[in-house]
Structure formats: C-alpha cells, structure tokens
Amino acid sequence: MRDDFDNIRAERETPYRTVATQANKHAGLWKQISIGIVVGHLSLSLIARWPG
C-alpha cells in the first residue's frame, strides 16, 4: 500500500505574519488589561458581599 503525502500541506508551510503594524501592535495587551480589570472588579465585589 503506497502512501501519497504530496497533497498534504503542513502548518509550517503556511505563511506567517511577522510584520505588525504600529496600530495593532499592543491590541492583545490592552485586551488582557481590560479583562483583568473587569474580572478583578467582579471578584472583589463578590468577596465583599460574601456573608460571614
């Protein structure tokens, strides 16, 4: 039985975007900061309202 691997495309062959524009260079960082602020605020409000 012959295996035909000629038509399989590996992930490493896909083009990788290495050039980041100045506008969206820190977009992921700002998302993480905003999610951290929201989650922190919610968790602190839950702890403050905890009975006991």
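Throughout this document, residue positions are counted from 1 along each chain, in the order its sequence is written. Where totals are concerned, whole chains, interfaces and linings use all residues; where local detail is concerned, this predicted model gives features only for residues with pLDDT of at least 70, and gives and counts side-chain atom pairs only at 80 or more. Note: side-chain values were computed over all heavy atoms of the structure, leaving out hydrogens and water.

Enquirer: Can you tell me about the overall build of the protein chain, naming the residues and giving the values?
Expert: Going along the chain from the N terminus, every DSSP run of H or I of four or more residues is numbered as a helix, and every run of E of two or more is numbered as a strand. Within the protein chain, the regular secondary structure consists of one helix and zero strands. Accessible area is worked out with a 1.4 Å probe on protein chains only. A residue is then buried under 20% of its type maximum, exposed over 50%, and partly exposed in between. Counting only residues that meet the buried cut, the protein chain has 0% of its 52 residues in that class. In this description, accessible areas are obtained by the Shrake-Rupley approach with a 1.4 Å probe, and a residue is regarded as covered only by the protein chains that are shown. By element, 61% of the accessible surface of the protein chain is carried by carbon and sulfur atoms, the whole surface being about 5800 Å².

Enquirer: Describe a nonpolar patch on the surface, naming the residues involved and giving the relevant values.
Expert: Taken together, the side chains of L29, W30, I33 and I37 make up a nonpolar region of the molecular surface, amounting to roughly 450 Å² of accessible area. Among the structural elements, I37 can be located in helix α1 (residues 27–48). To count toward a patch, a residue needs a relative accessible area above 30% and no salt bridge. Like charges then connect within 9 Å, nonpolar side chains (Val, Leu, Ile, Met, Phe, Trp, Tyr) within 5 Å. Think of a salt bridge as a Lys or Arg side-chain nitrogen and an Asp or Glu carboxyl oxygen that are within 4 Å of each other.

Enquirer: I'd like a rundown of α1, residues and numbers included.
Expert: An expected span of 1.5 Å times one less than the residue number is assigned to each helix. Here α1 spans 32 Å end to end across 22 residues, near enough to the 32 Å set by a 1.5 Å rise per residue. Among the 22 residues in α1, zero count as buried, and that is only a small part of the element.

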